[in-house]
Amino acid sequence: MSLSYSIWPVVLTTYNLPPWICMKAEYLMLSLLIPGLQSPGKDMDVFLRPLIDELKELWVHGLDTRDAAYENGVFRMRVVLLWTVNDFPARSSLSGWSGQGYRACPTCNEDTPSMRVIGKTAYFGHRCFLPSNHHWRSNLQFDGRTERKRPPRRFSTTDILEQLHRVKTSIPGKHPNYEGVKQKRGDDELNWRKKSIFYELPYWATIELKHNLDVMHIKKNVCDSLLRTLLADPHKSKDTDNARRDLAKLGIRHELHLFKDGNKLMKPAADYTFSEANRRKFCRFIISVKFPDGFASNMSKKVAQNDSRLLGLKSHDCHVIMQRLLLVGCRSLVTKNIWSTIVELCTFFKQLCASTVNVSDMVEAQKQLVLILCKLERIFPPAFFDIMIHLVLHLPEEAILSGPVHMRWMYPFERYLKRLKDYVRNATKPEGSIAEGYVVDEALAFCSRYFDDVETRFNRPDMNDDGIHPTRQLSVFESQCKPLGKQSYVELDNNDRDKAEFYILNNSPELEPYLKMQAPEVTTELLSLSSKMNMVVSSYPACIVNGVRFITHDRDVRLRTQNSGVSVPGTGQEMFYGQLQEILEFSYLNGFSVVLFRCKWFKCDSKHMVTENNITSIDINGEAYKDDQFILASQAKHVFYVADPSRGPNWCVVQHVKHLTNASRHVTDDSSFLNDADEVELSDEEDESVEEYADEETDVENDIDTEEDDDDRSYHASDSD
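Rules used throughout
- Residues numbered from 1 in each chain as written.
- Predicted model: local features only at pLDDT ≥ 70, side-chain atom pairs only at ≥ 80, totals over all residues.
- Heavy atoms only, no water.
- Helix = DSSP H or I, 4+ residues; strand = E, 2+ residues; numbered from the N terminus.
- Buried < 20%, exposed > 50% of the residue type's maximum accessible area, 1.4 Å probe, protein only.
- Contact = heavy atoms within 4.5 Å.
- Areas by Shrake-Rupley, 256 points an atom, 1.4 Å probe, with all protein chains shown as cover.
- Phe/Tyr/Trp six-rings, centres within 6.5 Å; stacked < 30°, edge-to-face > 60°.
- Lys NZ or Arg CZ within 6 Å of the ring centre and 35° of its normal.
- Axes fitted to C-alpha atoms, helices over the stretch in contact; angles between N-to-C directions.
- Parallel < 35°, antiparallel > 145°, perpendicular 65-115°, else oblique.
- Left-handed = near helix turned anticlockwise from the far one by under 90°.
- Pairing = 2+ DSSP bridges.
- Nonpolar A, V, L, I, M, F, W, Y, C, P; charged D, E, K, R; others polar.
- Bend = angle between axes of the 7 residues up to and from the residue.
- Salt bridge = Lys/Arg side-chain N within 4 Å of Asp/Glu carboxyl O.
- Patch = residues over 30% accessible without salt bridge, like charges linked within 9 Å, V, L, I, M, F, W, Y side chains within 5 Å.
- pLDDT = per-residue confidence, 0-100.
- Expected span 1.5 Å × (residues − 1).
- Polar contact = N/O pair within 3.5 Å; in protein donor to acceptor, adjacent residues only side chain to side chain.

## Structural notes on the overall build of the protein
A tally of helices and strands in the protein yields 17 helices and 23 strands. Taking all 721 residues of the protein together, the buried fraction comes to 51%. Sequence-distant contacts, at least 24 apart, represent 70% of the contacts inside the protein between residues at least 6 apart. Entry remark: accessible area of the protein is about 34,900 Å², with carbon and sulfur atoms responsible for 50%.

## So, the packing of aromatic side chains
Taken as a whole, this structure holds 22 aromatic pairs when the rule is applied. The interplanar angle of 70° and the centroid separation of 5.7 Å between the aromatic rings of F602 and Y641 together place this pair among those described as edge-to-face. Of this pair, F602 sits in the loop between β17 (593-601) and β18 (609-612) while Y641 sits in strand β21 (residues 637-643); the two residues are 39 residues apart in sequence, bridging distant segments of the chain. Y641 shares its class with F602; the two are buried. Through pairs of rings, three or more aromatic residues link up here, namely F124, Y272, F380, F384 and F385. Positioned above the aromatic ring of F458 is the side chain of R449, whose terminal nitrogen or guanidinium carbon lies 4.1 Å from the ring centre. The positively charged end of R647 is found above the aromatic ring belonging to W651, 6.0 Å away from the centroid.

## Description of the packing of helix α4 (residues 215-230) against helix α8 (residues 336-352)
The contact between α4 and α8 brings their axes to 12 Å, and the two run at 160°. When the axis of α4 is compared with that of α8, the two are roughly antiparallel. Both α4 and α8 take part in a crossing whose hand is left-handed. Residues V215, K219, V222, L226 and L230 of α4 form the contact with α8, whose own contacting residues are I342, L345, F349 and L352.

## Re the pairing of strand β12 (residues 536-540)
The buried fraction of β12 amounts to four of the five residues, a majority that puts the element mostly inside the structure. Relative to β12, strand β11 (residues 488-491) is paired through four bridges, and the arrangement is antiparallel. Its bridge partner lying in β12, Y489 is registered against S538. Taken together, the three bridges between β12 and strand β16 (residues 575-587) define a ladder with antiparallel strand orientation. Bridging across to β16, S539 finds its partner in L584.

## Brief notes about the environment of W20
With respect to the helices, strands and loops of the structure, W20 is situated in the loop between β1 (8-14) and β2 (28-34). Residue classification places W20 among the partly exposed residues on the basis of a relative accessible area of 30%. With 387 residues separating them along the chain, W20 and M407 place their C-alpha atoms 9.8 Å apart.

## A look at the packing of α8 against helix α11 (residues 395-402)
Contact pair α8 / α11: the axes reach a minimum separation of 11 Å and the direction vectors enclose 15°. What the angle tells us is that α8 and α11 run roughly parallel. Crossing angle aside, the handedness with which α8 passes α11 is left-handed. Of the residues in α11, those in contact with F348, F349 and L352 of α8 are L395, P396 and A399. Partitioned by chemical class, the residues of the contact of α8 with α11 number six nonpolar, no polar and no charged.

## Topic: the pairing of strand β3 (residues 63-67)
Here β3 pairs with strand β4 (residues 73-86) via five bridges, running antiparallel. Counterpart to D64 in the pairing with β4 is R76.

## Regarding the sheet that holds strand β14 (residues 548-551)
Strands sit in the order β10-β13-β14 across an open sheet of three strands; the sheet is antiparallel. Sheet topology places β10 (482-484) and β14 at the edges, where each strand pairs with a single neighbour. In this sheet, neighbouring strand axes are inclined to one another by 25° on average, regardless of whether the strands run parallel or antiparallel.

## Remarks on the environment of S39
Relative to the assigned elements, S39 resides in the loop between β2 and α1 (44-60). Residue classification places S39 among the partly exposed positions, given a relative accessible area of 40%. Between the C-alpha atoms of S39 and Y5, which are 34 residues apart in sequence, the distance is 8.5 Å. Once you skip the residues sitting within four places of it in the chain, S39 turns out to touch S6 and W8.

## Overview of helix α7 (residues 315-329)
The largest bend in α7 is about 55°, located at M322. Where burial is concerned, most of α7 is hidden: 15 out of the 15 residues are buried.

## A closer look at the pattern of salt bridges
Per the counting criterion, the structure on display carries 34 salt bridges. Between D64 and R76 there is a salt bridge; the shortest N-O distance is 2.9 Å. One end of the pair, D64, is in strand β3; the other, R76, is in strand β4, with twelve residues separating them in the sequence. R145 is the salt-bridge partner of D143, the closest N and O atoms lying 3.4 Å from each other. Through salt bridges with shared partners, a single network forms among E26, R419, D441 and R457.

## Observations regarding a nonpolar patch on the surface
A surface patch of nonpolar side chains, amounting to about 450 Å² of accessible area, comprises F446, Y450, F451 and V454. Following the sequence through the fold, F451 ends up in the loop between α13 (430-448) and β10.

## Details of the side chain of S92
Position of S92 relative to the elements: it lies in helix α2 (residues 88-95). Setting aside residues up to four positions removed in sequence, S92 forms contacts with W97, S98, G99 and R193.

## Here we look at unusual backbone geometry
Here the bond from G36 into L37 is cis, since omega is 25°, no more than 30 degrees from zero. Tracing the sequence through the fold places L37 in the loop between β2 and α1.

## Focus on the confidence of the model for the protein
With 89% of its residues at a pLDDT of 70 or more, the protein has an overall mean of 86. Of all helices and strands in the protein, the one with the weakest mean pLDDT is strand β23 (residues 700-708) (47), whereas helix α10 (residues 387-391) scores best (97). Low pLDDT, under 50, characterises residues 662-704; the predicted model gives this stretch 114 contacts beyond four residues in sequence or across chains.

## Considerations on α1
Spanning 17 residues, α1 covers 24 Å between terminal C-alpha atoms, matching the ideal 24 Å at 1.5 Å per step. Helix geometry: α1 is bent most strongly at P50, by close to 45°. Of the residues making up α1, those classed as buried are M44, D45, L48, L51, I52, L55 and W59. Once α1 ends, the next one or two residues include G62, with phi positive near 75°.

## Some words on the environment of E491
Within the secondary structure layout, E491 lies in strand β11. The spacing of E491 and V536 is 45 residues in sequence and 4.5 Å in space, taken between C-alpha atoms.

## A look at the side chain of E398
Relative to the assigned elements, E398 resides in helix α11. A polar contact is formed between the side chain of E398 and the backbone nitrogen of L213, at a distance of 3.0 Å. If we skip the residues at most four places from it in the chain, E398 touches L209, H211, N212, L213, G403 and R408.

Given below as structure tokens:
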């Protein structure tokens, strides 16, 4: 399909479903398909009319629904629209608040901090969010002035309604009364272009969070701006000649001003851009990165042939770079002040994208973000700050109101849009192709639920599914795996066999009663464990344990993925890191077996392992615990290693991977690999997304979310490039 042809699917998802399925494609509902050729813009409400009428009917009158849990049980179901999920340009069409101009921020409203620079609007001046007595307010290094503005006001739902009452009623399309010309807004209308059709819903005016800021697109745009400026991209960098002229106009950072050398206009090198040699170092670092199987795309294909730029980065690529690579790759390439600011920004995104969030952490992150943005203003020119940089400031506030972002971002919907595009068989009639394909797919999905003996999308095992292993009385016999690759047989010497047998017995807590002579009768498993294991053991090049794929290091070095990193916790708070060398299966009597990993362990003392800013670097050249190499397969945690250019060729940064246990694999959303930050608790009393609405006749309320988008694009709103 041509990118100039814009189709707008309106997709509904039901939040009453369990969180691990409500974002899957099989449970999304394509309610509307707004046809192209062009975007409907502010006339979006014309196409949303059928959906709004049905939502009003489902809220006011409800719908009799049968409850399968009770015989002849019927209840009145009502539906409430929680919020919309969309990118920033689509938000303007839905909400009616324009995302361009001096008041582009929908949260700051008419108090949006902005200024005019050459050729664009910059959203600069975040010192106004600082306390009135903060010393940065009087610092002239930001924009050459003292900041005296108060923080932007927080507009309540009542204030928003009062603003909408001043908006003139607009007629959709090029109505003859308007003579087919664009109408200029009055000063009292602010950035409102219309009153959204959603306000016809009885409850909509009282919802505090109506339209979500999409974290996926915001993070991608922030990542693109940082990378293009750091790498001095000749076409997309924010450090342009006009940006330097802005500095001269403001009278700040004289060392960065343009100057003439004869007939040539010279631009001094800035400390926030890499030199040519450093650009190549950073790109070679990106090429060297190897991710675990299914974790991310092959980053080496994103580097230009001259090793100086990154091209074709997708949204998830930017997600991984911001949370995993940027803070490691640029540590030795920029000054410590710039690097620490980038680390703080990347750490915030990692905290925000966790599968659970803590309200107190988000409150603290809100305060820290003000300082981070102020630090960025001291580093980059004002032209760097487009609306996407500013919107980062409001992400913690929305997380407090509506919970974790993985239930509100665009990743599941973008994947669903890819499925809709695949329905197109007739390029001249894409709407009809999508409609027919959707109906057929829904019918097949419905029928497949009744085929128990046929593999369907609902019962198909995962790629790394190792099956369900039987429960044993002795926990060591539960250390099983799904072997991959060719099986070979290894005969261990007596020394290695004794070490393996000692480790198995030492990690069997069920043997304690027998050692104290307080145990009941001898079981079959105990009899098998007390017998000598076979001298010949099975060896495999790869296996799957608890849904995680492990590959031995000698085979892993030949692949573009990395699955040989392992870690185990110690008795205290320490962690031990190493590489998987062998996968061994020891056989016992009566068909019992134990799977052990033989690992090469790295030295973890203060000389060989350093932690700075939550970044753990380890020297992989040294080897420790040569006499204690075995662990149970069920004890291994998956990690991968990224080269640390700042410390030397033998140093790597440890990157932890979130594990999905057998129990949690069925209670995790489809993009669990995206939620790779550490989990923290969410306070029950704070876990409220919108205000609850009581009704005497309401028995069950069905919460629905809507999403609109036309393709997977990145946006630099109010930006000349």
